[in-house]
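Notes for the structure review
As a plain string of letters, each chain reads:
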Amino acid sequence: MSRRMRPSAAPTLRIPRQRRGQPVIVVLSSELEPSLTARAAAASGRWLWKHRRTWAPTGLSLVLLAVTGLAHLIEPRTAWVLAPLALTPVGVWAWTARRRPATSRTVRTWRALLAAAVTAGVGWVPVAIWFGPVRPAVALVWALLTLTAQVVWLIARRLTTTAEETR
């Protein structure tokens, strides 16, 4: 005798009672295929993994946002230790410019802009630790720095790929 079951109904399992009369609980999912949310999450995850190098600056800035938030909650005075390190990129730029002067004005300008951008990024960390990364002004600076870093990263990757192809 065949019993008709609805396709979405979970099958019933009968398991004899174990010692001391404790029933056995078996959980069976009645869901045969993943939900739309699970499919979207899986597709997003696959896409992010495939393009992980392209989105490296954004991922790094998200990690940095979480770390500065945690440091702000645990010990905001850490900012005073990290604040002097914010001037390191400018010092390295000045030292490099003195030891190896740039041959062209363009190279000198790009090096100065790079030093300024890195100084802004490194300087954001102690400010975010002291005031908190979710303050509107600090969050706005974080968003602008993240956007700038991502755009520069994409342009640099494209220029590098183009330069390698022409060789």
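Note that this is a predicted model, so its numbers are computed, not measured.

With that out of the way, let us pick up the overall build of the protein chain. Across its full length, the protein chain holds six helices and zero strands. Secondary structure elements in the protein chain, listed N-terminal to C-terminal, are α-α-α-α-α-α. Here the protein chain holds 167 residues, and 13% of them are scored as buried. Contacts spanning at least 24 positions in sequence make up 67% of the contacts within the protein chain whose residues lie at least 6 apart. Working note: accessible area of the protein chain is about 14200 Å², and carbon and sulfur atoms make up 66% of it.

Inspection of the secondary structure assignment puts Thr-119 in helix α5 (residues 105-131). We classify Thr-119 as buried; its relative accessible area is 15%. Contacts of Thr-119, omitting those with residues within four sequence positions, involve Ala-86, Pro-89 and Val-90.

A surface patch of nonpolar side chains, about 440 Å² in accessible area, is lined by Trp-80, Val-127, Trp-130 and Phe-131. By residue number, the principal contributor to the nonpolar patch is α5, which donates three residues. Along the chain, Trp-130 turns up in helix α5. Relative accessible area serves as the criterion here: at 36%, Trp-130 is assigned to the partly exposed category.

Our focus in this paragraph is the pattern of salt bridges. By the definition in use, this model includes one salt bridge. Among the salt bridges present, the one from Arg-77 reaches Glu-75, with a minimum N-O distance of 2.6 Å. The exposure class assigned to Arg-77 is exposed, which follows from its relative accessible area of 57%.

Taking 1.5 Å of rise per residue, 27 residues should cover 39 Å, and α5 covers 38 Å from first to last C-alpha, within 8% of that figure. Gly-132, located one to two residues past α5, shows a positive phi value of around 100°.

This brings us to the nonpolar core. Formed by Ala-79, Trp-124, Val-125, Ala-128, Ile-129, Val-138 and Trp-142, the largest nonpolar core amounts to seven residues. Only α5 and α6 (136-166) provide two or more residues apiece to this core. Every residue in contact with Trp-124, bar those within four places of it in the chain, is listed here: Leu-64, Leu-65, Thr-68, Pro-133, Val-138, Val-141, Trp-142 and Leu-145.

With that out of the way, let us pick up the side chain of Ser-61. Relative to the elements of secondary structure, Ser-61 occurs in helix α2 (residues 56-74). Apart from residues lying up to four places away in sequence, Ser-61 is in contact with Trp-142 and Thr-146.

Moving on, we get to the packing of α2 against α5. In contact at an axis separation of 7 Å, α2 and α5 are set at 45° when each is read in the N-to-C sense. Between α2 and α5, the angle falls in the class oblique. Crossing hand, α2 versus α5: right-handed. Counting all contacts with α2, which are made through Leu-64, Leu-65, Thr-68, Ala-71 and His-72, the residues of α5 involved are Trp-124, Val-125, Ala-128, Ile-129, Trp-130 and Phe-131. Taken together, the residues that form the contact of α2 with α5 break down as nine nonpolar, two polar and no charged.

Inspection of the secondary structure puts Trp-80 in helix α3 (residues 78-82). Residue classification places Trp-80 among the exposed residues on the basis of a relative accessible area of 60%.

Cut-offs and rules
Residues numbered from 1 in each chain as written. Predicted model: local features only at pLDDT ≥ 70, side-chain atom pairs only at ≥ 80, totals over all residues. Heavy atoms only, no water. Helix = DSSP H or I, 4+ residues; strand = E, 2+ residues; numbered from the N terminus. Buried < 20%, exposed > 50% of the residue type's maximum accessible area, 1.4 Å probe, protein only. Contact = heavy atoms within 4.5 Å. Areas by Shrake-Rupley, 256 points an atom, 1.4 Å probe, with all protein chains shown as cover. Patch = residues over 30% accessible without salt bridge, like charges linked within 9 Å, V, L, I, M, F, W, Y side chains within 5 Å. Salt bridge = Lys/Arg side-chain N within 4 Å of Asp/Glu carboxyl O. Expected span 1.5 Å × (residues − 1). Core = buried A, V, L, I, M, F, W, Y, C linked by side-chain atoms within 4.5 Å. Axes fitted to C-alpha atoms, helices over the stretch in contact; angles between N-to-C directions. Parallel < 35°, antiparallel > 145°, perpendicular 65-115°, else oblique. Left-handed = near helix turned anticlockwise from the far one by under 90°. Nonpolar A, V, L, I, M, F, W, Y, C, P; charged D, E, K, R; others polar.

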